[in-house]
Amino acid sequence: MYGLTIQEHGRERMTSKDIWEREQRQVYREFLKEYLAEGYDTAEAKSLAKQDTKEVMEDKLDFVEELYDNTLNDLD
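Residues numbered from 1 in each chain as written. Predicted model: local features only at pLDDT ≥ 70, side-chain atom pairs only at ≥ 80, totals over all residues. Heavy atoms only, no water.

Peer 1: What should I look at first to understand the side chain of D52 in this one?
Peer 2: Structurally, D52 is set in helix α2 (residues 42–75). Of the side chains with opposite charge, K54 lies nearest to the buried D52, which makes no salt bridge, at 11 Å. Ignoring anything within four residues of it in the chain, the contact list for D52 reads F31 and Y35. (Helix = DSSP H or I, 4+ residues; strand = E, 2+ residues; numbered from the N terminus. Buried < 20%, exposed > 50% of the residue type's maximum accessible area, 1.4 Å probe, protein only. Lys, Arg positive; Asp, Glu negative; His and termini not counted. Salt bridge = Lys/Arg side-chain N within 4 Å of Asp/Glu carboxyl O. Contact = heavy atoms within 4.5 Å.)

Peer 1: I'm lost on the nonpolar core in this one. Help?
Peer 2: It is characteristic of soluble globular proteins that their nonpolar side chains tend to be buried jointly. With 7 residues, the main nonpolar core is built from V27, F31, L32, Y35, A45, A49 and M57. Of all elements in the fold, only α1 (16–37) and α2 reach the threshold of two or more residues within this core. Among the elements that take part in this core, α1 stands out by supplying 4 residues, more than any other. The residues contacting A49, other than those within four sequence positions of it, are Y28, F31, L32 and Y35. (Core = buried A, V, L, I, M, F, W, Y, C linked by side-chain atoms within 4.5 Å.)

Peer 1: Just to check I follow, could you spell out a nonpolar patch on the surface for this structure?
Peer 2: A cluster of nonpolar side chains, F63, V64 and L67, forms an exposed patch at the surface whose accessible area comes to about 280 Å². Relative to the helices and strands, L67 resides in helix α2. (Patch = residues over 30% accessible without salt bridge, like charges linked within 9 Å, V, L, I, M, F, W, Y side chains within 5 Å. Areas by Shrake-Rupley, 256 points an atom, 1.4 Å probe, with all protein chains shown as cover.)

Peer 1: I'm lost on the pattern of salt bridges in this one. Help?
Peer 2: For side chains bearing opposite charge, pairing can occur when the charged atoms are close. Taken as a whole and assessed by the stated rule, the structure comprises 2 salt bridges. The partner of K17 in a salt bridge is E21, and the shortest N-O contact between them spans 3.9 Å. Highlighted residues: K17 and E21, both in helix α1, separated by 4 residues, approximately one helical turn. Looking at E21, the relative accessible area reads 30%, which means it is partly exposed. One salt bridge connects K60 with E23, and the closest N-O pair in it is separated by 2.4 Å. With K60 in helix α2 and E23 in helix α1, the pair connects residues that are 37 residues apart, well separated along the chain.

Peer 1: What's the story with the confidence of the model for the protein in this structure? I'm lost.
Peer 2: Reading predicted coordinates in detail is not appropriate for stretches of low pLDDT. For the protein, per-residue confidence averages 86 on the pLDDT scale, and residues scoring 70 or more make up 83% of the total. Mean pLDDT across the elements of the protein ranges from a minimum in strand β1 (residues 6–9), with 52, to a maximum in α1, with 95. Between residues 1–6, whose pLDDT stays under 50, and residues either more than four places distant or in other chains, the model counts 17 contacts. (pLDDT = per-residue confidence, 0-100.)

Peer 1: Sorry if this is basic, but what is going on with α2 here?
Peer 2: Residues separated by three or four positions in an α-helix point in the same direction, a consequence of the helix having 3.6 residues per turn. The terminal C-alpha atoms of α2 lie 49 Å apart, and with 34 residues this matches the ideal 50 Å at 1.5 Å per residue to within 8%. Where α2 is concerned, the buried positions are A45, A49, D52, T53 and M57. In the core, the buried residues of α2 are packed alongside α1. By the N-cap criterion, in which a side-chain oxygen at the helix start approaches the backbone nitrogen of a residue two or three places on, α2 is capped by D41, the distance to A43 being 3.2 Å. (Expected span 1.5 Å × (residues − 1). Polar contact = N/O pair within 3.5 Å; in protein donor to acceptor, adjacent residues only side chain to side chain.)

Dropping the structure here:
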């Protein structure tokens, strides 16, 4: 699944894996900022952000896999 698609983005070429990792970092940073703004200390904010990021990315992957499977089923 990862690395199969190459997309032009500005001057750099990005594989689907690069795009996925960039999305993951962005989600993590958003959660981290949110927890720090809520007053959590840095270590706890990082830990919570990591957990939440993992859950969000798993949900996104589940959605993509379900969409892919449904598309294949529709082709049959």
